[in-house]
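Tertiary structure, described
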Amino acid sequence: MNKPLRAVLGEDQALVREGIATILRRAGITVVAAVGNAVDLVRVTKEERPDVVITDIQMPPNLTADGLEAAQEIRATQPETAVIVLSQFLDASYALDLVGDDPSGVGYLLKEKVASPQVLTDAVERVVAGESALDPDVIATLVGRKRKEDPLAALTPKEKEVLALMAEGHSNTGIADKLFVTVPAIERHVTGIFMKLGLNQATSGQHRRVLAVLHYLKQ
């Protein structure tokens, strides 16, 4: 029998903190600690070595991006621990800063989405498995951003849809399930996308292709 996943939660608003903790517990995830500031978050994570850390961006002591900075420190010092950052802001730069050069085991969700428990628990499962889980609204801002001589204009609507799902961190199988098509059909779309955007097919491994797409979209 698999052991329950262990989580550390960072959120300074007590009601929100308890609400998220309740969602996790109902999903069978053990909340080993729930703290209200970034300093305690880093300390407790080091002590508890959880499977996943879930944190808000704006937390004490400075109420700026302390939670994001704590998440980045945890990723750097405890790469075996997955991290999900919750944000009130539709700011793609936060997500890109969090991902850095390694999209594995990292998630970025808009806080409003956590009202749907399945969104959070699905993200936890994906990042603990070493995948990435980036909010679709954040990715949509990157895909929809205006560019001069935009190469994305060469993509079909379906290819743009597949591109966005790739950037969110979904595998070919996951994309196929979401779009109700076959995996070979998705593979053909992915090949077409990489060719049209001039991306190296050598980056087709899951983590490398997520990183390649994100780097492309932020240009």
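Refer to the preceding data block for the structure.
What you are looking at is a predicted structure, and each value in this text was computed from that prediction instead of being measured.

The strand order across the open sheet formed by six strands is β2-β1-β3-β4-β5-β6, and the pairing between neighbours is parallel. Two strands lie at the open edges of the sheet, namely β2 (30-35) and β6 (132-134), each paired on one side alone. Along the sheet, successive strands turn relative to each other by an average axial angle of 15 degrees, direction set aside. With five bridges connecting them, strand β3 (residues 52-56) and strand β4 (residues 82-87) associate as parallel partners. If you follow V52 over to β4, its bridge partner there is A82. The strands touched by helix α2 (residues 38-48) within the sheet are β1 (6-10), β2 and β3, with β1 carrying the most contacts at an inclination of about 170 degrees.

What follows deals with the packing of helix α6 (residues 136-143) against helix α7 (residues 157-168). In contact at an axis separation of 9 Å, α6 and α7 are set at 125 degrees when each is read in the N-to-C sense. Judged by the angle between their axes, α6 and α7 are oblique. Every pair of crossing elements has a handedness; the one defined by α6 and α7 is right-handed. Here P136, I139 and V143 of α6 come into contact with α7, specifically with A164, A167 and E168.

Turning to the nonpolar core, a few remarks are in order. L163, L214 and L217 are the most contacted members of the largest nonpolar core, which totals 52 residues. If we ignore the near neighbours within four places in the chain, the residues touching L217 are L142, V143, R145, R147, L152, L163 and A167. Counting 20 residues, the second-largest nonpolar core is a separate cluster that includes L9, I29, V31 and L120.

Turning our attention to the environment of D66. As for its position among the elements, D66 is in helix α3 (residues 66-77). Taking C-alpha positions, D66 is 8.1 Å from N37, a pair spaced 29 residues apart along the chain. Not counting residues within four places of it along the chain, the set of residues in contact with D66 comprises A38, I57, M59, P60 and P61.

Further remarks concern α2. Listing the buried residues of α2 in full gives A38, L41, V42, V44 and T45. In this structure, the buried side of α2 is in contact with β1, β2, β3 and α3. For α2, the N-terminal capping position is held by N37, with its side-chain oxygen 3.1 Å away from the main-chain nitrogen of V39.

This brings us to the environment of G105. Take G105: it is sitting in the loop between α4 (92-99) and β5 (106-110). Placed 25 residues apart in sequence, G105 and E80 show a C-alpha to C-alpha distance of 8.3 Å. In contact with G105, not counting residues within four places along its chain, are A82, V83, V127, G130 and E131.

What follows deals with the pairing of β2. Of the strand pairs in this sheet, β1 and β2 are connected by five bridges, and their pairing is parallel. Note that in β2 the partner of R6 across the bridge is T30. Crossover connection from β1 via helix α1 (residues 14-26) to parallel β2: handedness right-handed.

Summarising the element assignment, S87 is placed in strand β4. At 3.1 Å, the side chain of S87 and the side chain of Y108 are in polar contact. Dropping the residues within four chain positions of it, S87 is found in contact with I57, Y94, Y108, L109, L110 and K111.

Take the pairing of β4 next. Of all six residues that make up β4, six are buried, and the element is covered over most of its length. Here β4 shows two buried faces, one formed by A82, I84 and L86 and the other by V83, V85 and S87. As for the winding sense of the linkage, the β-α-β connection from β3 through α3 to β4 is right-handed. With five bridges joining them, β4 and β5 adopt parallel strand pairing. Counterpart to I84 in the pairing with β5 is G107. After leaving β4, the chain enters α4 and then returns to the sheet as β5, a path that is right-handed.

Rules and cut-offs
Residues numbered from 1 in each chain as written. Predicted model: local features only at pLDDT ≥ 70, side-chain atom pairs only at ≥ 80, totals over all residues. Heavy atoms only, no water. Pairing = 2+ DSSP bridges. Helix = DSSP H or I, 4+ residues; strand = E, 2+ residues; numbered from the N terminus. Axes fitted to C-alpha atoms, helices over the stretch in contact; angles between N-to-C directions. Contact = heavy atoms within 4.5 Å. Parallel < 35°, antiparallel > 145°, perpendicular 65-115°, else oblique. Left-handed = near helix turned anticlockwise from the far one by under 90°. Core = buried A, V, L, I, M, F, W, Y, C linked by side-chain atoms within 4.5 Å. Buried < 20%, exposed > 50% of the residue type's maximum accessible area, 1.4 Å probe, protein only. Polar contact = N/O pair within 3.5 Å; in protein donor to acceptor, adjacent residues only side chain to side chain. Right-handed = clockwise from strand over helix to strand, strands pointing away.

Structural measurements only, silent on function.
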